[in-house]
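# Working through the structure, step by step
Here is how the chains run, residue by residue.
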Amino acid sequence: MWHNFFLKFFRKLSQPKRFAIFEACLIGLVAALAAVCLKQGVGVVGGWRVHATHLLPALFVLPGIGLGGGFLAGWLVEQVAPEASGSGIPQVKAVLAREPIALNLRVALIKLVSGILALGSGLPLGREGPTVQVGAALANQLSRWVPTSPDYRRQLIAAGAGAGLAAAFNTPIAGVLFVVEELLQDVSGFTLGTAILASFIGAVVSRWLGGHSLNLDLTTLQTNFSPIEIPFYLVMGVLAGLLGALFNQGVLASLTFNRRLLRFGLPIRVGLAGLVCGGAIALLPDHFRDSAGLKELLTTGQTGVSFTIIAFIAQFILTLLAYGSGAPGGLFAPVLILGAALGSLVGLCQQSILGVSAPVTYALAGMGAFFGAVVRVPITGIVIVFEMTTDFNLVLPLMISSVVAYLVAEKVVPGSLYDRLLEWSGIHLKKEPTTGGLLAQLRAADVMQRRVETLSAQMNLEEAVQAFSHSQHRNFPVVEKGKLVGIITQKDLADIAKERLGGKKTVRELMTPEPVTVHPTDTLAHVLHLLNRYNLSCLPVTEGRKLVGIITRSDIIRAEADHFNGEMEAVGPKPAPSYVVYQTRAPATGKGRLLVPLSHPDTAATLVQMAAAIAKERDYELELLHVMVVPRNQPPAETAVRTPTARRLLRQAQRLAQAWHLPIHTQIRVAHEVSGAILETVKERHIDLVLMGWKGSTSTPGRVFSRVVDTVIRQAACEVVLAKLNEKRTFNRWLVPMAGGPNASEAVRLLPALVLLSQKPEIKLCQVFQPSEPAPDTAVLEQSVRFLKPRVSARVSATPVRAHSVPEAVISLAQHNRSDAIILGASRDRLLQQAIKGNIPETISRNSDCTVILVRSA
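Just so it is clear, the model here is predicted, and its values are computed rather than measured. (Residues numbered from 1 in each chain as written. Predicted model: local features only at pLDDT ≥ 70, side-chain atom pairs only at ≥ 80, totals over all residues. Heavy atoms only, no water.)

Interpretation of the predicted coordinates at a detailed level should be avoided for regions scoring low in pLDDT. Averaged over every residue, the pLDDT of the chain is 81; residues scoring 70 or more account for 86%. Within the model, pLDDT remains below 50 along residues 432-436, and this stretch shows three contacts once partners closer than five positions in the same chain are excluded. Scored below 50 in pLDDT, residues 567-573 shows ten contacts in the model against residues more than four places distant or in partner chains. (pLDDT = per-residue confidence, 0-100. Contact = heavy atoms within 4.5 Å.)

Here it is as structure tokens:
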């Protein structure tokens, strides 16, 4: 019986939604237990430390315990888990940004033990930051034990961090807001749901086991607010903003100073910080030996001005000293103490001038203000103080002072403290675009399929089955009078077939009426959300009720893949402009310019001969270019290069071209990218045509020809000719596949120049038609023949070819005619698109021994 019960229980638990709830609850539970362990451990060690001062002189006990506890904590961190140093919140942010930083059970345990040692020995830091890191590390470890997606793991890590904060302060709402405001900046339903549940469980368990975070008797402490006090809260906000910005700068300065002491090791640095802090605390009043008691004392507003000033200055300096050493402790508690001291001072001033409110209101409002100024999460700061006190009289003072403090601090020193700490460590988090990424930028209209196969609502079952059998689609929108009325899927038909209820049913009876739809202006992020939420494979796109397209998961994946391939060149530092290190100029007497990039001596001669023939026929000047590539970390204009080999190549090419009696210019450019140098030359020298060598194939994923050639073809504002040369380098028999369009016309117009390289030229034009076409239209072939015959001294013929595959037909015809060169005039609308999708030129060049020339018009 029990076996069946547990089997059913785990089967129900394994369902995705229920398992996510279980994981969130478990994360909240372990984060709370860790927070309670840390709190109790610090309390035990700290209580022993304070008790020791009653037995022995404090001036010897406190520095000694600080030195020993700091040394042990630093040694543990340095030897076992270096990632456990400091607050821990920057490390969590880095992991959430997918930086390779360890965040696991080892880090959690070392953070817990070292935090107890460091904080219990008297270092004036907080346990809230370590609790956040421990909660996140435990959540990450749990997610590793149960396989899940990287995005889901990020949500769980953030939930663990929120649960840790909620457990440390007993503030579940603040834990959720900290996740949203600082860690993920995400308000999706899943993020909120997981964080809310984990933070709630963490706060409840922590409160049940560990008591309250701030023990204040607000029944005896009167908190109130009057509009006449607003100037004082504004002044407090400005002071909190300025001092918070100064505090952040001090943190970085302290870390920089300690970096110079790296040779001493982390144990010695933390031990020395514990020694100095212990000695200073021993000289201060007894209240400073218990940071929790000091915070509660300051919030009561019952301290004098001198005590409060001493408390602020001492806490400010000692916190910077301790945190800069790398001790495993956080900043939340010290920041709240500083805020309470600042607020108490302003409250005492107000009391002496107006006498309206007690300083306790200002002390509590100052805690939230200083917290927002340092951590740059004003909403979280407001909610933390409100949840700890549950006093509505504090809401307006908190809001006024916290917002002003945040704005002032952000104006003085912009940026989150934790982001700046990561940058100080050499980790620069990539900022997501404000538009939310590619899926938030693209609309459904950008990727949807506009030609949609539909079914009529009056169609019977047999006709619907036949339509599905002749289509690759698994879903059909159902329309009536041009309006979308439903959608029918293969599953609908299969269910009817299983139940044998088909009969004379119509599509209207089988379809799903009023399907989920999207508008053309909806973002792909919204489309993907609907697809996932309703477990769909496609969505109709409608304007009103009019069907205008359909969008599938494959369309979204294809859009992301195209975007990724298009941005491959953008990875890494942005290339600097190229730099001309050598050039020669001839008289500019031509009607245009033809650019020939040269790199290999074995192909340079043939390319120059081809370019010279074209330039001669068109009355162009020749521009010979050689590009020398340097690493991206070296500026082209400042990099020393050796040019003798490049100049020798250009001189040899120049001598070959001089036989054609053409103006010839040469130049050598130093650049980060060959394609960038070519495009700059095209723009600066007003190039009309680029003739480039092409190896005939590419192994680069997402490329049609090669990275350089693809970039030039896509961006050059002039005509481009690619030439893949064979070993024979003869040009007697020409084969020209035709497909119509401007590029085909350019290929034909190029032939009168290219045949100048032939001794006995023969030109054969062909056009590939599908076998199913009844009467091929050969008008393009006939027009091209009429154009060529009066312009070339060669035999010109044309033939239509029937075949299913364009590359196979062209290769077969080239072999049959023993062609020397194939010149492809690819149409923009048809053959070029096929080239991009199926890479027809590469297929032809790879499987043919001929020279292959591809022409793209300007």
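A separate point is the pairing of strand S9 (residues 620-629). Burial analysis of S9 places nine of its ten residues in the buried class, the great majority of the element. The sheet contact formed by strand S8 (residues 592-597) and S9 spans six bridges and is parallel. Directly across from Gly 592, in S9, lies its bridge partner Tyr 620. In terms of handedness, the path from S8 via helix H26 (residues 601-618) over to S9 forms a crossover that is right-handed. (Buried < 20%, exposed > 50% of the residue type's maximum accessible area, 1.4 Å probe, protein only. Helix = DSSP H or I, 4+ residues; strand = E, 2+ residues; numbered from the N terminus. Pairing = 2+ DSSP bridges. Right-handed = clockwise from strand over helix to strand, strands pointing away.)

What follows covers the packing of helix H10 (residues 230-259) against helix H18 (residues 417-424). For the pair H10 and H18, the least separation of the axes is 11 Å and the interaxial angle reads 20 degrees. If you check the angle between H10 and H18, you find them roughly parallel. When you trace H10 past H18, the crossing you get is right-handed. Residue-level inspection shows Asn 248, Gln 249, Val 251, Leu 252, Leu 255, Thr 256 and Arg 259 of H10 in contact with H18, the latter providing Leu 417, Arg 420, Leu 421 and Trp 424. Classifying every residue of the contact of H10 with H18 by side-chain character gives six nonpolar, three polar and two charged. (Axes fitted to C-alpha atoms, helices over the stretch in contact; angles between N-to-C directions. Parallel < 35°, antiparallel > 145°, perpendicular 65-115°, else oblique. Left-handed = near helix turned anticlockwise from the far one by under 90°. Nonpolar A, V, L, I, M, F, W, Y, C, P; charged D, E, K, R; others polar.)

Here Ser 758 is to be found in the loop between helix H30 (742-754) and strand S14 (762-769). For Ser 758, a relative accessible area of 12% corresponds to the buried category. Among the polar contacts listed, one links the side chain of Ser 758 to the side chain of Trp 734, at a separation of 3.2 Å. In contact with Ser 758, other than residues within four places in its own chain, are Phe 731, Asn 732 and Trp 734. (Polar contact = N/O pair within 3.5 Å; in protein donor to acceptor, adjacent residues only side chain to side chain.)

So, on to unusual backbone geometry. If you check the backbone angles, Asn 170 has positive phi at about 60 degrees while not being a glycine. Note that Asn 170 resides in the loop between helix H7 (150-169) and helix H8 (172-183). Even without being glycine, His 686 reaches a positive phi, approximately 55 degrees.

Summed over the entire model, instances satisfying the criterion amount to eleven aromatic pairs. Centre to centre, the rings of Phe 178 and Phe 332 are 5.9 Å apart; their planes meet at 85 degrees, and the pair counts as edge-to-face. Remark: Phe 332 occurs in helix H14 (residues 332-353) and Phe 178 occurs in helix H8; sequence separation between them is 154 residues. Neither Phe 178 nor Phe 332 differs from the other in exposure class; each is buried. Three or more aromatic residues joined by ring pairs make a cluster, and in this case those are Phe 169, Phe 178, Phe 332 and Phe 371. (Phe/Tyr/Trp six-rings, centres within 6.5 Å; stacked < 30°, edge-to-face > 60°.)

Attention shifts here to the packing of helix H3 (residues 58-80) against helix H11 (residues 265-283). Where H3 meets H11, the closest approach of the two axes is 7 Å, and the angle between their N-to-C directions is 155 degrees. Accordingly, the angle class assigned to the pair H3 and H11 is roughly antiparallel. Considering only the axes of H3 and H11, their crossing is right-handed. Taken together, the residues that form the contact of H3 with H11 break down as 17 nonpolar, eight polar and one charged.

This part takes up the nonpolar core. Among the nonpolar cores identified, the biggest contains 103 residues, and Phe 247, Phe 332 and Phe 370 are the most heavily contacted of them. Of all the elements, helix H15 (residues 359-375) adds the most residues to this core, at eleven residues. With near-sequence residues (within four places) excluded, Phe 332 lies in contact with Ile 89, Glu 128, Leu 165, Phe 169, Phe 178, Phe 371, Val 375 and Tyr 418. Formed by 53 residues, the second largest nonpolar core is a distinct cluster that contains Val 608, Ala 613, Ala 646 and Trp 660. (Core = buried A, V, L, I, M, F, W, Y, C linked by side-chain atoms within 4.5 Å.)

Now for the environment of Ala 588. Looking at the element boundaries, Ala 588 is found in the loop between strand S7 (579-584) and S8. Separated by 32 residues in the primary sequence, Ala 588 and Tyr 620 have C-alpha atoms spaced 9.5 Å apart. Setting aside residues no more than four positions away along its own chain, Ala 588 makes contact with Arg 593 and Glu 621.

Moving on, we come to the environment of Leu 765. As for its placement among the helices and strands, Leu 765 is situated in strand S14. The contact partners of Leu 765, leaving out residues within four places of it in the chain, are Val 736, Leu 781, Ser 784, Val 785, Leu 788, Ser 797, Ala 798 and Thr 799.

Further remarks concern the pattern of salt bridges. The final tally for this structure, using the stated rule, is twelve salt bridges. The partner of Glu 480 in a salt bridge is Arg 508, and the shortest N-O contact between them spans 2.4 Å. Of this pair, Glu 480 sits in strand S2 (residues 475-480) while Arg 508 is found in helix H23 (residues 507-510), placing the two residues 28 residues apart along the sequence. The class of Glu 480 is partly exposed, set by a relative accessible area of 25%. Looking at Arg 508, the relative accessible area reads 37%, which means it is partly exposed. For Arg 669, the salt bridge is made with Glu 684, and the minimal N-O distance between the two is 2.5 Å. Here Glu 684 lies in helix H28 (residues 674-684) and Arg 669 lies in strand S10 (residues 664-671), a separation of 15 residues in the sequence. Take Glu 684: its relative accessible area is 47%, and that puts it in the partly exposed class. (Salt bridge = Lys/Arg side-chain N within 4 Å of Asp/Glu carboxyl O.)

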